[in-house]
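Chains, contacts and geometry: an overview
If you want the building blocks of each chain, they are given just below.
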Amino acid sequence: MMFTPWRSALAYAAWVTLISWLTGAVVLTAESLAFGDNLGPTGSEPLMWCRDQAVFLVTCTTLLTLSRRLLSPLPRWRTVLADGSLYMLALGIAGAAPYGSVSPGELLDAAALYSFFGLFTLQLPTAWCLSAWRSGKLDAVLKKRYTIDDEEQATPAM
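Throughout what follows, the structure given in this document is the object of discussion. The structure presented is a predicted model; accordingly, all values stated were derived computationally and were not measured. The residue numbers shown here count from 1 along each chain, following its written sequence. Restriction of local features to residues with pLDDT of at least 70 applies here, the model being predicted, together with a cutoff of 80 or more for giving and counting side-chain atom pairs; totals for whole chains, interfaces and linings are based on all residues. Excluded from the side-chain calculation are hydrogens and water; included are all heavy atoms of the structure.

**As for the overall build of the protein**
To keep it simple, the criterion reads: Think of it this way: any DSSP run of H or I at least four residues long counts as a helix, any run of E at least two long counts as a strand, and we number them from the N terminus.
When helices and strands are tallied, the protein shows 5 helices and 4 strands. Secondary structure elements of the protein, listed N to C terminal, follow the sequence β-α-α-α-α-α-β-β-β.

**Focus on the packing of aromatic side chains**
Think of a pair of aromatic rings as described by two things: how far the centres are apart, and how the planes are tilted against each other in angle. Worth spelling out the cut-off: For Phe, Tyr and Trp, rings pair up if their centres lie within 6.5 Å, where Trp contributes its six-membered ring, and each pair is then called stacked (planes under 30 degrees apart), edge-to-face (over 60) or tilted (otherwise). Relative accessibility thresholds used throughout: buried, under 20% of the residue-type maximum; exposed, over 50%; partly exposed, between the two (1.4 Å probe, protein chains only). Here, over-ring charges are defined by two tests on the NZ atom of lysine or the CZ atom of arginine: distance to the ring centre within 6 Å, and angle to the ring normal within 35 degrees.
Following the criterion strictly, the structure yields 2 aromatic pairs and no others. For the ring pair Trp15 and Trp133, a centre distance of 5.6 Å and an interplane angle of 85 degrees mean the geometry is edge-to-face. Placement of Trp15 in helix 1 (residues 6–35) and of Trp133 in helix 5 (residues 123–135) is noted, with a sequence separation of 118 residues between them. Judged by relative accessible area, which is 40%, Trp133 ranks as partly exposed. When the ring of Phe56 is compared with that of Tyr87, the centres are 5.4 Å apart and the planes differ by 80 degrees; the resulting orientation is edge-to-face. On the criterion of sequence distance, the pair formed by Phe56 in helix 2 (residues 46–70) and Tyr87 in helix 3 (residues 76–96) is long-range, its members being 31 residues apart. Of the two residues examined, Phe56 and Tyr87, each falls in the buried class. The side chain of Arg134 reaches across the aromatic face of Trp133, ending 5.3 Å from its centre.

**What to know about unusual backbone geometry**
Backbone geometry at Leu122 places phi at a positive 65 degrees, although glycine is not the residue there. Along the chain, Leu122 falls in the loop between helix 4 (104–120) and helix 5.

**Comments concerning the nonpolar core**
For the record, the criterion: Each nonpolar core is a collection of buried residues, namely Ala, Val, Leu, Ile, Met, Phe, Trp, Tyr and Cys, held together in the definition by side-chain atoms within 4.5 Å. We call two residues in contact when some of their heavy atoms are within 4.5 Å.
If you look at the biggest cluster of nonpolar residues, it comprises 19 residues, and the most contacted ones within it are Val16, Trp21, Phe56, Cys60, Leu64 and Tyr87. If you list the elements that add at least two residues to this core, you get helix 1, helix 2, helix 3 and helix 5. Top contributing element to this core by residue count: helix 1, with 6 residues. In contact with Trp21, other than residues within four places in its own chain, are Trp49, Gln53, Phe56, Leu57, Tyr87 and Gln123.

**Observations concerning helix 1**
Where we set the bar: To estimate the expected span of a helix, count its residues, drop one, and scale the result by 1.5 Å.
An ideal rise of 1.5 Å per residue puts 44 Å on 30 residues; helix 1 measures up with 43 Å between its terminal C-alpha atoms. Within two residues after helix 1, Gly36 carries a phi angle of roughly 70 degrees, on the positive side.

**Some points on the pattern of salt bridges**
Note the threshold: Whenever a carboxyl oxygen of Asp or Glu lies within 4 Å of a side-chain nitrogen of Lys or Arg, that contact is scored as a salt bridge.
Throughout the structure, instances matching the rule amount to 1 salt bridge. With its nearest N and O atoms 3.0 Å apart, the salt bridge here joins Arg68 to Asp83. One end of the pair, Arg68, is in helix 2; the other, Asp83, is in helix 3, with 15 residues separating them in the sequence. Summarising the burial analysis for this pair, Arg68 and Asp83 share the class buried.

See below:
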């Protein structure tokens with residue numbers, strides 16, 4: 001049985017999350033400065049925006065790390081599909097969570113809205129491209145096996 005080590009999964013998740021978020025923040029800032037909108041870090045409540053973005057960064061990095069660690073290694077196209085869905089889920093959670101308890105329907109609506117917003121700010125396309133690129137750099141490791149009294153047993157994965 002194969003798995004991805006924690007270090008490799010965390011490095012993958014950090015690359016995908018941080019670079020795509022940075023791309024989205026730069027595009028959002030440029031749009032808000034160019035058009036005079038009150039979006040993003042130049043808006044009326046920059047501290048609230050920073051808090052919401054911190055929730056997104058932590059949530060998305062955690063979800064992507066756990067998905068790469070707990071799922072067996074996948075082909076690139078399946079990795080992009082699985083992690084792209086988790087990335088959009090993290091966008092929805094980070095977008096809807098600051099507004100109190102939400103129903104599953106409202107969470108899906110928020111996920112759709114923030115996914116559209118992520119497309120508009122190039123955050124999602126960047127995440128998909130980075131996921132395809134970085135998934136080729138993930139380490140895949142076989143679990144060690146040892147024999148005791150001629151019986152083969154798997155060691156627990158750390």
